[in-house]
Number of protein chains: 2
Amino acid sequence: MIRQVNLLVKDMPHQWYNIIPDLPEPLPAPLDPSDGPSRIKNLPNLLIGECLKQEFSQESWIDIPDELLQIYAQAGRPRPLFRALGLEKKLDTPARLYYKGEFFSPTGSHKVNTALAQCYYAKKEGFEQVTTETGAGLWGTALSYASALNGLKCRVFWVRSVYNWKADRRHFMQFLGAEVHASPSPMTKCGKELYDKNPNHDGSLGIAISEGLEDAGRDPKTVYCLGSVLNHVLMHQTIIGLEAKKQFEVFDDYPDMVISCFGGGSNFGGFAIPFIGDVLTRAKKTKFIASQSKAGPNLQGEYRYDFADYAELTPMLKMYTLGHKTDMHPIYGDGLRYHGASPIISLLRNKGYIDTVAYPNDEKHVFKQAQLFTETEGWLPAPESAYSVACAIDEAIKCKEAGEKKVIAFNVSGHGFLDMYAYKTVLGLK
Amino acid sequence: MIRQVNLLVKDMPHQWYNIIPDLPEPLPAPLDPSDGPSRIKNLPNLLIGECLKQEFSQESWIDIPDELLQIYAQAGRPRPLFRALGLEKKLDTPARLYYKGEFFSPTGSHKVNTALAQCYYAKKEGFEQVTTETGAGLWGTALSYASALNGLKCRVFWVRSVYNWKADRRHFMQFLGAEVHASPSPMTKCGKELYDKNPNHDGSLGIAISEGLEDAGRDPKTVYCLGSVLNHVLMHQTIIGLEAKKQFEVFDDYPDMVISCFGGGSNFGGFAIPFIGDVLTRAKKTKFIASQSKAGPNLQGEYRYDFADYAELTPMLKMYTLGHKTDMHPIYGDGLRYHGASPIISLLRNKGYIDTVAYPNDEKHVFKQAQLFTETEGWLPAPESAYSVACAIDEAIKCKEAGEKKVIAFNVSGHGFLDMYAYKTVLGLK
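Residues numbered from 1 in each chain as written. Chains lettered and ligands numbered in written order. Predicted model: local features only at pLDDT ≥ 70, side-chain atom pairs only at ≥ 80, totals over all residues. Heavy atoms only, no water.

### Quick word on the sheet that holds strand β8 (residues 179-183) of chain A
Residues and elements named next belong to chain A. Just so we agree on the cut-off: Any two strands with at least two DSSP bridges between them are considered paired. A helix here means a DSSP run of H or I that spans at least four residues, while a strand means a run of E at least two residues long, and both kinds are numbered starting from the N terminus. Axis lines are fitted through C-alpha atoms, for helices just across the contact stretch, and the angle between N-to-C directions can take any value from 0 to 180 degrees. Between two residues, a contact is recorded if the distance between any of their heavy atoms is within 4.5 Å.
Within the open sheet, the four strands sit side by side as β8-β7-β6-β9. Their pairing is parallel. With one partner strand each, in any of the chains shown, β8 and β9 (222-224) form the two edges of the open sheet. The sheet shows a mean angle of 20° between the axes of neighbouring strands, direction not considered. Running over the sheet, helix α8 (residues 167-175) touches β6 (129-134), β7 (153-159) and β8 and is turned about 165° from β7. The strands that helix α10 (residues 205-217) touches are β6, β7, β8 and β9; relative to β6, the one it contacts most, it runs at about 165°.

Written out as structure tokens, the structure reads:
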């Protein structure tokens, strides 16, 4: 029985898949709010030119530049697809379980796939510094890494509630040469307002995005990078699912169900979108489940226009949202704690292609299932990826109860080596 | 320019290479000391039968069982060989640098290669528990993982000076279901003697080995596993170098110099031995450098018979040694802090095939070079692997000074995600 399929470097996909032209209806365009300056007209001052072009592209396939393909190889791509035989045996399920190993990443998560692309384009366009926000810290680490490789400076605004407990990840970013600030910080106008009221303010991804945008807006050599939600970010991530599809061919199998954890949508989108493409053409009938936390179940919110950030510096996006000023309960899987969902995934959810589950804030069940995965498969998932693992295990158990031989594919978007404290605390390790 | 070469799972080596029959002279046999019970006759009560057989095998090639090959694939093998183009550019060196990515391991180090083999055989032979020592914690984690996958219980005696600062790694072992004790512990006779005198005793690998051996000796269902030094351990690790040789063929290149860090010799041996084989047959003239710490420069000690453990429970091995009761200065790269060197590597060193360098105890230079590697190549080495990286960089700089286009291959035996505290402390990160 084959337990793992890899691809040779030369067989790595050479194009990203842009699902926009294949969507069941046109993607609603970003809008400006009724008052204040035009956020849309300001986008070229904030974002990388090539990324902005990709954001609105109607081409289904976009070439990955050769030099970037080489950098992907340097970052260890392609990454393996595993058959979870050990887990299947333990669960005694008739389901066939497969998982993608994005944990083979230099910084520990899938975020490098877009960080490398964004820094590659930023460097080409003459920028000297990138600036961004980060929630769980995975995106901030990935951008620190990609900027180091490209000789760019990097500034990270990091949600304070997470900054405080992830010292190792903070040191890793600094080791890579990045400048890291707890957010809200006194470095920006919008941050300072909240910081002055409460210097221990927990922060939120929405606030940190505002800080990054404001920081980029005041220096023409600095450009803002975003790690999720936007169309081009999800497109960069499709390399995950495109590789997985090639690997499923080698396994001679195809998923009935595709599962991943969901915060803003980048790892979910990157893994699922190439399979969703097959469903849109009616070639396949695969089901899709976004695994979320009750702390931020954005796909269970309202489908409407909302800002992507707290301070309303972004255009309004048509998306599932909990409201851009909503307070959310801190959890260890902090990457899942964001008020809004990617517009692409939101539209697909609205059309009935995507289901969502949300797990309780105490994270006990999720981390227990992650432990079962590690004991049987060996890999330690990131707290966020644990939601992907837990949902897949829960579905595999349903298959056992129903006697169904479903094929379940899930993405393990990152490793948890920098997050042991979360497992220790929730599971009570000594 | 190719930056990475991987192999398909089916092209993974199917045999380990046993260098013993090819050595320039017969490997000196283990000896009993002049007094006390026979340690040699006691070996079958302590070690796994198949491993003991392999320890003395005169076959050059030993089949890796099919089931174990599948488990290697589950553990992500084969692992890539990278060309360090980013680092070369930064150093402006004419040397060509290549590194093997053993950091793609479920527990973060090469130790899984033998842990999986030992637990596979232990399970087949009916044992219910494995017991061991660990220094840096890499071996203890690997055995915790391999025992979990094989449904075995696992007990780990961990050198206290390291146990105390590596909380995350301790929690990872516990997450995997292992029982972990700081050594010297009150659990064993030899441990208790030292513990009673000083419950904060720093410990040493030699003491921890004694504890593991004593623990195994008192329960017929428990078997002792060792993570380095012994012939069969190095043989299991040759899969590293055997893969690398296949990958060098794809690169159409071959190393003039092979470098790795050196504690007991398992990652160094595993990486270098297949290349040393080519030198012994005079097919190649490659140089070999073991990168060590001044805290435990065992290859610069005396070549003589010595015990492998503190309490003299093992047979005496002919090896380079600093003396089995020697106190050694604690360092963050604790895996390099052991008094004795693998008998195979010792013989080869004695015959002039292997050079050694030893870096200062403050580890500043070593960790600075590791940082340069991470900034240019993206991968975070374990503190031990940082010695391999530093030595390779130092040699590449010499090549620049001499204008020599040498091909330098080094093994990055593990990642440092669980060891950020070491980098933070030595480099003064905030």
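### As for the domain arrangement of chain A
All names here are of chain A. Let me state the cut-off plainly: Here the bounds of each domain stem from an automatic or database domain assignment. Once two parts are put together, the accessible area they lose, assessed with a 1.4 Å probe and summed over both, is termed the buried area. One speaks of a salt bridge when a side-chain nitrogen belonging to Lys or Arg is within 4 Å of a carboxyl oxygen belonging to Asp or Glu. Between N or O atoms, a polar contact is any pair within 3.5 Å; within protein, one atom must be a potential hydrogen donor and the other a potential acceptor, and residues adjacent in sequence are included only when both atoms are from side chains. Residues are grouped as follows: nonpolar covers Ala, Val, Leu, Ile, Met, Phe, Trp, Tyr, Cys and Pro; charged covers Asp, Glu, Lys and Arg; every other residue, Gly included, is treated as polar.
According to the domain assignment, chain A contains domain 1 (4-10 + 65-108 + 232-427) and domain 2 (112-226). For domain 1 and domain 2, the distance between their C-alpha centres works out to 24 Å. When the two sides are added together, the surface that domain 1 and domain 2 hide from each other amounts to roughly 3,000 Å², 66% of it contributed by carbon and sulfur. On the domain 1 side of the contact with domain 2, Thr107, Tyr310 and Leu418 bury the most area, a combined 21% of that side's loss. Taken together, the links from domain 1 to domain 2 amount to two salt bridges. Note that Lys166 is salt-bridged to Asp419, the shortest N-O span being 3.0 Å. Linking domain 1 with domain 2 are eleven residue pairs in polar contact (both at pLDDT 80 or more). Mapped by element, the contributors of at least two residues to the side of domain 1 that touches domain 2 are α3 (66-74), α11 (231-251) and α16 (420-427). By residue number, the principal contributor to the side of domain 1 that touches domain 2 is α11, which donates six residues. Taken together, the residues that form the side of domain 1 that touches domain 2 break down as 19 nonpolar, eight polar and nine charged.

### A look at the side chain of Ser228 of chain B
Residues and elements named next belong to chain B. Assignment of secondary structure puts Ser228 in the loop between β9 (222-224) and α11 (231-251). A distance of 3.3 Å separates a polar side-chain atom of Ser228 from the backbone nitrogen of Ser266. In this view, Ser228 contacts Lys111, Val233, Gly264, Gly265 and Ser266; residues no more than four positions away in its chain are not counted.

### A short note on the pattern of salt bridges
Applicable threshold: Only protein chains enter the accessibility calculation, which uses a 1.4 Å probe. A residue is then buried if its area is under 20% of the maximum for its type, exposed if over 50%, and partly exposed in between.
Considering all chains together, one arrives at 46 salt bridges over all chains under this definition. The closest approach of N and O atoms between Arg337 of chain A and Asp334 of chain A, which form a salt bridge, is 2.8 Å. Looking at Asp334 of chain A, the relative accessible area reads 4%, which means it is buried. With a shortest N-O distance of 2.9 Å, Lys351 of chain B and Glu25 of chain B are connected by a salt bridge. Placement of Lys351 of chain B in the loop between α13 (343-350) and β14 (354-359) and of Glu25 of chain B in the loop between β2 (15-17) and α1 (39-46) is noted, with a sequence separation of 326 residues between them. Overlapping salt bridges, with partners in common, bring together Arg77, Arg79, Lys100, Glu102 and Glu243 of chain A in one network.

### Brief notes about the packing of α16 of chain A against helix α8 (residues 167-175) of chain B
Keep this limit in mind: When an angle is under 35 degrees it counts as roughly parallel; over 145 it counts as roughly antiparallel; between 65 and 115 it counts as roughly perpendicular; any other value is oblique. Two helices cross in a left-handed way if the nearer one is turned anticlockwise from the farther one by less than a right angle. They cross in a right-handed way if the turn is clockwise.
Packing of α16 of chain A against α8 of chain B leaves a shortest axis separation of 9 Å and a crossing angle of 55°. Classified by the interaxial angle, the pair formed by α16 of chain A and α8 of chain B is oblique. Crossing geometry of α16 of chain A relative to α8 of chain B is assigned as left-handed. Between α16 of chain A and α8 of chain B, the residues in contact are Met420, Tyr421, Tyr423, Lys424 and Leu427 of chain A and Asp168, His171, Phe172 and Phe175 of chain B, respectively. The class makeup of the residues in the contact of α16 of chain A with α8 of chain B is six nonpolar, one polar and two charged.

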